[in-house]
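The residues making up each chain are set out below.
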Amino acid sequence: MALTRADQVKAIGHPLRTTILQLLHERAATVTELAAAVDRPKSTVAHHVDVLARNGLLQVVRTRKVRAVEERFYGRTARIFHVATESSSAGEQATGDFNDFEVAARESATAFEQGKLWGFIRHARISEDQASQFWNRMAELVDEFDRTPRSGETMYGFAIGIYPTDHPTLPTAE
């Protein structure tokens, strides 16, 4: 699903809401289940679920009666969300996505301390076209990771990107 509205991008910009979306990648869940998973009050989780639902990212996928209360199970409206950079019909430009690498750096600190962080960083002087080709291949790998059947006990993070830097380069050889 392409997120084209600023309010949609803002909705996924909160760390608790992205965690909720990630949990719902596994299966539909109730606010009670989500609150237990993230160890936060039900009222807090309900607020964030409401924000995601109002912006079209979550929907009620089924309900069940528990005593006198109807319990709602929420599911994602799309398997993959991505931020589109086009303007809306009202002419407003969607705000930029949050920095995924900042999130990955925070999440990966414990894995690094435990010697369980696998990563690479490389630098190469390449053309914009080559960078775009790498991006397309990386997007395919992300899609493969997203579609991998869920199993096991450990949740793994997967961060990937390509970006211009001011890394030093040698002058052209004479």
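Residues numbered from 1 in each chain as written. Predicted model: local features only at pLDDT ≥ 70, side-chain atom pairs only at ≥ 80, totals over all residues. Heavy atoms only, no water.

1. Observations concerning the confidence of the model for the protein chain
Here is step 1 of the chain: For the protein chain, the mean per-residue pLDDT works out to 85, and 91% of the residues sit at or above 70.
Here is step 2 of the chain: Across the protein chain, the secondary-structure element scoring lowest on mean pLDDT is strand E4 (residues 82-83), at 76, and the one scoring highest is helix H4 (residues 42-54), at 96. (pLDDT = per-residue confidence, 0-100. Helix = DSSP H or I, 4+ residues; strand = E, 2+ residues; numbered from the N terminus.)

2. Focus: the nonpolar core
Here is step 1 of the chain: Residues Ile-20, Val-45, Val-49 and Leu-57 are the most contacted members of the largest nonpolar core, which totals 22 residues.
Here is step 2 of the chain: At the level of secondary structure, the elements contributing two or more residues to this core comprise helix H1 (6-12), helix H2 (15-26), helix H3 (31-38) and H4.
Here is step 3 of the chain: Not counting residues up to four positions away in its chain, the partners in contact with Ile-20 are Leu-34, Val-45, His-48, Val-49, Leu-52 and Leu-58. (Core = buried A, V, L, I, M, F, W, Y, C linked by side-chain atoms within 4.5 Å. Buried < 20%, exposed > 50% of the residue type's maximum accessible area, 1.4 Å probe, protein only. Contact = heavy atoms within 4.5 Å.)

3. Notes on the packing of H2 against H3
Here is step 1 of the chain: Two elements in contact, H2 and H3, have axes separated by 11 Å at closest approach and are oriented at 115°. Taken together, the axes of H2 and H3 lie roughly perpendicular to each other. For the element pair H2 and H3, the recorded crossing hand is right-handed. Residue-level contacts link Leu-16, Thr-19, Ile-20, Leu-23 and Leu-24 of H2 to Leu-34, Ala-37 and Val-38 of H3. (Axes fitted to C-alpha atoms, helices over the stretch in contact; angles between N-to-C directions. Parallel < 35°, antiparallel > 145°, perpendicular 65-115°, else oblique. Left-handed = near helix turned anticlockwise from the far one by under 90°.)

4. Things to note about the packing of aromatic side chains
We describe a pair of aromatic rings using the distance from one ring centre to the other and the angle between the two ring planes.
Here is step 1 of the chain: According to the stated counting rule, one finds 2 aromatic pairs in the structure shown.
Here is step 2 of the chain: Between Trp-118 and Tyr-156 the ring centres are 6.3 Å apart and the planes differ by 15°, which places this aromatic pair in the stacked class. One end of the pair, Trp-118, is in the loop between helix H5 (100-113) and helix H6 (128-147); the other, Tyr-156, is in the segment after H6, with 38 residues separating them in the sequence.
Here is step 3 of the chain: Where Phe-145 meets Phe-158, the ring centres are 4.8 Å apart and the plane angle is 15°; that geometry is what we call stacked. Note that Phe-145 is positioned in helix H6 and Phe-158 in the segment after H6, a separation of 13 residues in sequence. (Phe/Tyr/Trp six-rings, centres within 6.5 Å; stacked < 30°, edge-to-face > 60°.)

5. Focus: the pattern of salt bridges
Here is step 1 of the chain: Scanning all chains against the criterion turns up 6 salt bridges.
Here is step 2 of the chain: Of the charged contacts in the structure, one is a salt bridge between Glu-26 and Arg-150, with a shortest N-O distance of 3.3 Å. One end of the pair, Glu-26, is in helix H2; the other, Arg-150, is in the segment after H6, and 124 residues separate them in sequence.
Here is step 3 of the chain: Taking relative accessible area as the criterion, Arg-150 reaches 34% and is therefore assigned partly exposed. (Salt bridge = Lys/Arg side-chain N within 4 Å of Asp/Glu carboxyl O.)

6. Quick word on the pairing of strand E2 (residues 58-66)
Along any regular strand the residues' side chains alternate between the sheet's two faces.
Here is step 1 of the chain: Bridge count between E2 and strand E3 (residues 69-76): 8 bridges; the pairing is antiparallel. Bridge assignment links Gln-59 to a residue of E3, and that residue is Gly-75.
Here is step 2 of the chain: Between the end of E2 and the start of E3, which pair antiparallel, lie 2 residues, with Arg-67 showing a positive phi angle near 55°. (Pairing = 2+ DSSP bridges.)

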